[in-house]
Amino acid sequence: MKYISTRGNAPKLSFEEVVLAGLAADGGLYVPETVPTLSMAEIVAMQSLSYPELAYNIISRFTGEEIAPDALKAIINEAYATFRHAAIAPLKQLNTNTYLLELFHGETLAFKDFALQFLGRLLDYILQKRGRRATIIGATSGDTGSAAIAGCRGRKNMDIFIMYPHGRVSDVQRLQMTTVLDENVHNIALAGSFDDCQDIVKTLFADADFREKLSLTAVNSINWARILAQVVYYFYAALRLGAPARAVSFCVPTGNFGDIYAGYIAKRMGLPIEQLIIATNRNDILARTLATGTYGVAAAEPSISPSMDIQISSNFERLVFDWYDRDGTKLSELMANFRDSKKLELSPTALSRLRAEFAAGKASDEETKATIKACYQACGELLDPHTAVGVCVAEKARKDRDTPLVVLATAHPAKFPDAVKSASGIHPQLPAHLIDLFSRKEKFTQLENDANAVKEFIIER
Ligand SMILES: *Cc1c(COP(=O)(O)O)cnc(C)c1O
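As a starting point, this report considers the structure included with it. Please read these numbers as outputs of a predicted model, since none were measured by experiment. (Residues numbered from 1 in each chain as written. Predicted model: local features only at pLDDT ≥ 70, side-chain atom pairs only at ≥ 80, totals over all residues. Heavy atoms only, no water.)

With that settled, the discussion passes to the sheet that holds strand 13 (residues 359–362). Taken in spatial order, the six strands of this open sheet run 3-4-14-9-10-13, and their pairing is mixed. Strands with a single pairing partner mark the edges of an open sheet, and in this sheet they are strand 3 (91–95) and strand 13. Strand-to-strand twist of the sheet, defined as the mean angle between neighbouring strand axes without regard to direction, takes the value 25°. In this sheet, strand 10 (residues 273–280) lies alongside strand 9 (residues 248–253) in parallel orientation, the contact comprising five bridges. Each residue of the ladder has a partner; that of Cys251, found in strand 10, is Ile277. Helix 17 (residues 385–397) rests against strand 3, strand 4 (98–102), strand 9, strand 10, strand 13 and strand 14 (405–409) of the sheet, and its axis sits at about 125° to strand 10. (Pairing = 2+ DSSP bridges. Helix = DSSP H or I, 4+ residues; strand = E, 2+ residues; numbered from the N terminus. Axes fitted to C-alpha atoms, helices over the stretch in contact; angles between N-to-C directions. Contact = heavy atoms within 4.5 Å.)

Taken as a whole, this structure holds 20 aromatic pairs when the rule is applied. Taking 5.8 Å as the distance between ring centres and 80° as the angle between the ring planes, the aromatic pair formed by Phe257 and Phe316 counts as edge-to-face. With Phe257 in the loop between strand 9 and helix 11 (258–268) and Phe316 in helix 13 (residues 316–323), the pair connects residues that are 59 residues apart, well separated along the chain. For the pair formed by Phe257 and Phe316, the shared burial category is buried. Among the aromatic residues, ring-to-ring pairing joins Tyr51, Tyr80, Phe83, Phe114, Tyr233, Tyr234, Tyr236 and Phe250 into one connected group. Arg240 extends its terminal NZ or CZ atom over the ring of Tyr236, reaching a point 4.6 Å from the ring centre. (Phe/Tyr/Trp six-rings, centres within 6.5 Å; stacked < 30°, edge-to-face > 60°. Buried < 20%, exposed > 50% of the residue type's maximum accessible area, 1.4 Å probe, protein only. Lys NZ or Arg CZ within 6 Å of the ring centre and 35° of its normal.)

Close contacts around the ligand come from 15 residues, with Lys112, Asp143, Gly255, Asn256 and Thr410 the closest. Between the ligand and Phe257, the relevant distance is 3.1 Å, taken from an oxygen atom to a main-chain nitrogen or oxygen of the residue. When the residues that make up the shell around the ligand are grouped by side-chain class, the tally is five nonpolar, seven polar and three charged. (Near = heavy atom within 4 Å. Polar contact = N/O pair within 3.5 Å; in protein donor to acceptor, adjacent residues only side chain to side chain. Nonpolar A, V, L, I, M, F, W, Y, C, P; charged D, E, K, R; others polar.)

The next thing to look at is the packing of helix 5 (residues 112–130) against helix 6 (residues 143–152). Following both chains from N to C, one finds helix 5 and helix 6 inclined at 35°, their axes separated by 8 Å at the closest point. Crossing geometry of helix 5 relative to helix 6 is assigned as right-handed. Contacts from Lys112, Asp113, Leu116, Gln117, Gly120 and Arg121 of helix 5 reach helix 6 at Asp143, Thr144, Ala147, Ala148, Ala150, Gly151 and Cys152. Looking at side-chain class alone, the contact of helix 5 with helix 6 contains five nonpolar, four polar and four charged residues. (Left-handed = near helix turned anticlockwise from the far one by under 90°.)

Here the second largest pocket is characterised by a volume of approximately 160 Å³. Contributing to the lining of the second largest pocket are Leu94, Asn95, Thr98, Thr371, Ala374, Cys375, Ala378, Cys379, Val391 and Glu395. Those elements that place two or more of their residues in the lining of the second largest pocket are strand 3, helix 16 (365–379) and helix 17. Here the element with the most residues in the lining of the second largest pocket is helix 16; it accounts for five residues. Of the residues that constitute the lining of the second largest pocket, the class distribution is six nonpolar, three polar and one charged. (1 Å grid on protein atoms, 1.4 Å probe; cavity = no way out; pocket = protein on both sides within 12 Å on 5 of 7 lines; lining within 4 Å. Points joined across faces, edges and corners; volume = space filled by probe spheres on them.)

Counted under the stated rule, the structure contains two cavities of 30 Å³ or more. Roughly 50 Å³ of internal volume is contained in the largest cavity. The wall of the largest cavity is formed by Leu100, Glu102, Phe104, Glu381, Leu382, Leu383, Asp384, Thr387, Ala409, Ala411 and Pro413. Looking at side-chain class alone, the lining of the largest cavity contains seven nonpolar, one polar and three charged residues. If you add up the space inside the second largest cavity, you get close to 30 Å³. Here the lining of the second largest cavity is composed, by residue class, of one nonpolar, three polar and three charged.

Turning our attention to the sheet that holds strand 5 (residues 134–139). Judged by pairing direction, the sheet is parallel, and its five strands sit side by side in the order 8-5-6-7-15 without closing on themselves. Strands with a single pairing partner mark the edges of an open sheet, and in this sheet they are strand 8 (216–217) and strand 15 (445–447). Examined bridge by bridge, strand 7 (residues 185–190) and strand 15 share three bridges and lie parallel to one another. When the sheet's bridge partners are listed, Ala189 is paired in strand 15 with Gln446.

This is the structure:
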């Protein structure tokens, strides 16, 4: 299987090359040349597979011949053995036909563990095979950094440097990063904002000399392997609820569009998905695009669901590519225009395709809190604020109540204790493996908001 860039002007790459490259050389994102489709019989045959078996079945359709079956199986088995629930991604019933898919039983209590436990091991394998070492650099506002560190800690062929805004991530989020003491893990508390952290990452990647010398690699949400790992749980949940004989709907708390894009891929592969609902907080660029046809950026505003405080949803480009019939030249025109004007006007055809594939809605902070409270009262279930956005929007946007609807529960409530406590009056408890988190030793370095200082720090290490 080969991968092509959405901007049509970068070489076709193999799976392993795409994992290493992240972004394409022409600034586009890699997508598979063709998405494999499954017959009803093939999907039926998946019904009794365990989570790792299902993951192997789906992921191996995208890796081509490059990765030996036994090696891929080992990577997948180890990645999901780190989860603390035997079902890996258990479904929980909220009411007659609404379910939560709990994606927070991994090491760092957010769904990002599904992709990053897999990607960390996969990268290590690819680097080992090629006799290479890589330096992973990332900026985080919280959840990505800890999941990336958990996936890469102790791996032989990589060092990981994560920058976070000093004093601006929650205590649990910080401790999940800084209490990892492995030698290949380096936390940088930057005297600046999340945007400053991201700017420094961009500056470092733009320095060709530095990039080459250290083999810089990113593990952000545009990496195809992350999307691929997330396709699996859509199948897993739908199969539990009677697919493929019965269609299922999903409602997904959305920021960078990675998670819901994986749902779109599952649907293209043949999984019968009735509705795919985009749930956003007040940063509602996607909901507005669906309503107006204009993808226009406004300043991101803080909310109680901070991992969704995003205005540019990088993975959106992958969809736009499909709606313009995979015309890379057209896409690079549109994206150049977007870079200058901060606006992308969808053609009537593109907009009608968007509307055919997705529904969308948003929830304010007040609605989010009210949902946490109501859900706790109705079924004793504590929702984290991101999941609560999903539950709130699902009720507004679902077409009917006959089709089972699954809301992706993207984080454990104990990851966002303040919002949960203020909404429900209950202080959510950390699970057993993190109960002593607040008494663990921390390791981090404070640095000035200066790309050169960061560069020197990385070279020294
Ligand atoms: C990252 C994150 C999201 C948003 O996911 P995207 O793939 O960026 O759309 C939602 N909820 C939580 C808890 C997250 O950490």
